[in-house]
Amino acid sequence: MKASLTLADVAPESVLLAGAGSAILLQLANPPVGYGVARHSNFSHDPLRRLHGTLSYIYALSNGTPAQRRTVQSRVRRAHQPVKYAGSDAVPAYNASNPEQQLWVAATLYKSAAQTYEAVFPALSATDAESVYAGYGVLGTALGMPAELWPPSCADFEVYWERQLALLSVDSTVRAVAQTLLAAKHAPLWVKVLMPLVRFLTVGLLPPAVREMYGFTWPTRKDRTLRALFKTASVLVRITPAWIRHAPMHYYLKRIPGGAQ
C-alpha cells in the first residue's frame, strides 16, 4: 500500500517559495505579530533575514537531521526572547512566544504553501492532504505551541482561517513595514531584479480583503496573468528534475550545522 505524502515530500518543492511574500504580509496583518516585527526587525537594511530564517526553519524541521532541527529551534527561540511588549493605547501587546501568535505564523506558512501547491501540482487525495496538513503543525509545536492548538483537520483549519481573517487589520505602521519589504532598496542586485515578480505574486496570492487592507490594487487582467503563470509552472515542474526543484532546500540545509555526513 502506497504511503501518504508528508511534509517531507511537499516542503522541498521550490515553487512553494512563490507564496513566501503573501505569508509574511498575512503574518504582519495580525496586529500583535505585525507590531512585534515592526519594532524588532530591520527590513530596511536586511530584507532577506526573515525569509532566510523561515526557510531554514521549515527545511530543517521537514527534512533536516535531529541535530539541525535542534539548531534552528534554538536559533528561533533566542530571536523571539526579546520580542515582547505589554501593550499601550497606541501599540498592541505582543509576545513572539505566545502560542496563539505561533499558531497564526504556522497557519500562514501552511496556507501559502497549500495555495501554491494546489495551483501547480495535481490535486492531493483527501488522505494525502490531511497527512501533509498534519505535518505543518510541527512548525508551531517545535517552538512550544501546544499540539492541541493546531486544528485537527483541514476542514477545522478552514474554519479557524476564516475566523482569523475577520480579525486582521493593517494600520500605517504595518503598511510601512510591508512597503519597505516590497521595495527591497538595500537588497542584493539579484533580489532587486526579481522583485517585480515577487511583488506580483505576493499581492496576487493575498486574500482580496487583506489585499485591500494594504491598499493594493488588483485588476482582473492581473488575475488572468497569475493563473497563466501557475499553469506554466505546472508544466515546468513535470519536466524539471527533482534535484533542481529541491535546490533551495539543499542550499539551506548545507548551511545548518549537524547535517548528515
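Everything numeric here is computed off the predicted structure, so don't read it as measured data.

So, the overall build of the chain
Reasoning step 1: Helix and strand counts for the chain come out as 15 helices and 2 strands.
Reasoning step 2: Scaling as 2.2 N^0.38, a compact globule of 261 residues should have a C-alpha radius of gyration of about 18 Å, and the chain matches this with 18 Å.
Reasoning step 3: Taken along the three principal axes of its C-alpha coordinates, the chain extends 55 × 45 × 40 Å.
Reasoning step 4: Burial analysis of the chain (261 residues in total) assigns 44% to the buried set.
Reasoning step 5: Computed over 26 positive and 15 negative side-chain charges, the separation of the two mean positions in the chain equals 12 Å.

A word on the packing of aromatic side chains
Reasoning step 1: Enumeration over the complete set of coordinates arrives at 16 aromatic pairs.
Reasoning step 2: Judged by centre distance (4.4 Å) and plane angle (20°), the rings of Tyr117 and Phe121 are stacked. By the burial criterion, Tyr117 is buried, and Phe121 matches it.
Reasoning step 3: Ring centres 5.9 Å apart and planes at 45° place the aromatic pair Trp150 and Phe157 in the tilted group.
Reasoning step 4: The positively charged end of Arg39 is found above the aromatic ring belonging to Tyr85, 4.5 Å away from the centroid.

Remarks on the nonpolar core
Reasoning step 1: By size, the foremost hydrophobic cluster in this structure holds 79 residues, and its most contacted members are Trp104, Tyr136, Trp150 and Tyr214.
Reasoning step 2: No other element matches the 10 residues that helix α6 (residues 99-120) contributes to this core.
Reasoning step 3: Once residues lying within four places of it in the same chain are set aside, the contact partners of Tyr214 are Leu25, Leu28, Ala29, Val170, Val174, Arg175, Ala178 and Leu206.

Focus on the pattern of salt bridges
Reasoning step 1: Throughout the structure, instances matching the rule amount to 3 salt bridges.
Reasoning step 2: Arg245 serves as the salt-bridge partner of Glu13, at 2.8 Å between the closest nitrogen and oxygen. Here Arg245 lies in helix α14 (residues 242-245) and Glu13 lies in the loop between α1 (7-10) and α2 (20-28), a separation of 232 residues in the sequence.
Reasoning step 3: You can call Arg245 buried: its relative accessible area is 16%.

Topic: the packing of helix α11 (residues 189-205) against helix α13 (residues 220-239)
Reasoning step 1: Where α11 contacts α13, the two axes come as close as 11 Å, and the packing angle between them is 110°. As summarised for this structure, α11 and α13 are arranged roughly perpendicular, according to the angle between their axes. Residues Leu197, Phe200, Leu201, Gly204 and Leu205 of α11 pack against Lys222, Thr225, Leu226, Leu229 and Phe230 of α13.
Reasoning step 2: The class makeup of the residues in the contact of α11 with α13 is 7 nonpolar, 2 polar and 1 charged.

With respect to the side chain of Thr65
Reasoning step 1: In this fold, Thr65 is placed in the loop between α4 (49-63) and α5 (66-80).
Reasoning step 2: We classify Thr65 as buried; its relative accessible area is 18%.
Reasoning step 3: Among residues more than four places away in sequence, those in contact with Thr65 are Gly258, Gly259 and Ala260.

Overview of the environment of Ala90
Reasoning step 1: You can see Ala90 is positioned in the loop between β1 (84-85) and β2 (94-95).
Reasoning step 2: For Ala90, a relative accessible area of 62% puts it in the exposed group.
Reasoning step 3: Considered as a pair, Ala90 and Thr217 are 127 residues apart in the sequence and their alpha carbons are 28 Å apart.

Concerning unusual backbone geometry
Reasoning step 1: Phi is positive for Ala184, which is not a glycine, with a value near 50°.
Reasoning step 2: Exposure remark for Ala184: the relative accessible area of 3% places this residue in the buried category.

Observations concerning α5
Reasoning step 1: Taking 1.5 Å per residue as the helical rise, α5 with its 15 residues ought to reach 21 Å, and the 21 Å between its terminal C-alpha atoms agrees with that figure.
Reasoning step 2: The inward-facing, buried residues of α5 contact α4 and α15 (247-254).

Quick look at the confidence of the model for the chain
Reasoning step 1: Here the chain shows a mean pLDDT of 93. Residues at 70 or above account for 97%.
Reasoning step 2: Within the chain, helix α9 (residues 154-165) carries the highest mean pLDDT (98), whereas β1 carries the lowest (86).

What to know about the side chain of Asp128
Reasoning step 1: Structurally, Asp128 can be placed in helix α7 (residues 126-136).
Reasoning step 2: Setting aside residues no more than four positions away along its own chain, Asp128 makes contact with Ser4 and Leu5.

A look at a nonpolar patch on the surface
Reasoning step 1: There is a patch of nonpolar side chains on the surface, built from Trp190, Leu194 and Val198 and spanning about 290 Å² of accessible area.
Reasoning step 2: Here Val198 is to be found in helix α11.
Reasoning step 3: Take Val198: its relative accessible area is 33%, and that puts it in the partly exposed class.

Rules and cut-offs
- Residues numbered from 1 in each chain as written.
- Predicted model: local features only at pLDDT ≥ 70, side-chain atom pairs only at ≥ 80, totals over all residues.
- Heavy atoms only, no water.
- Helix = DSSP H or I, 4+ residues; strand = E, 2+ residues; numbered from the N terminus.
- Rg over C-alpha atoms; globule rule 2.2 N^0.38 Å.
- Buried < 20%, exposed > 50% of the residue type's maximum accessible area, 1.4 Å probe, protein only.
- Lys, Arg positive; Asp, Glu negative; His and termini not counted.
- Charge placed at Lys NZ, Arg CZ, Asp CG, Glu CD.
- Phe/Tyr/Trp six-rings, centres within 6.5 Å; stacked < 30°, edge-to-face > 60°.
- Lys NZ or Arg CZ within 6 Å of the ring centre and 35° of its normal.
- Core = buried A, V, L, I, M, F, W, Y, C linked by side-chain atoms within 4.5 Å.
- Contact = heavy atoms within 4.5 Å.
- Salt bridge = Lys/Arg side-chain N within 4 Å of Asp/Glu carboxyl O.
- Axes fitted to C-alpha atoms, helices over the stretch in contact; angles between N-to-C directions.
- Parallel < 35°, antiparallel > 145°, perpendicular 65-115°, else oblique.
- Nonpolar A, V, L, I, M, F, W, Y, C, P; charged D, E, K, R; others polar.
- Expected span 1.5 Å × (residues − 1).
- pLDDT = per-residue confidence, 0-100.
- Patch = residues over 30% accessible without salt bridge, like charges linked within 9 Å, V, L, I, M, F, W, Y side chains within 5 Å.
- Areas by Shrake-Rupley, 256 points an atom, 1.4 Å probe, with all protein chains shown as cover.

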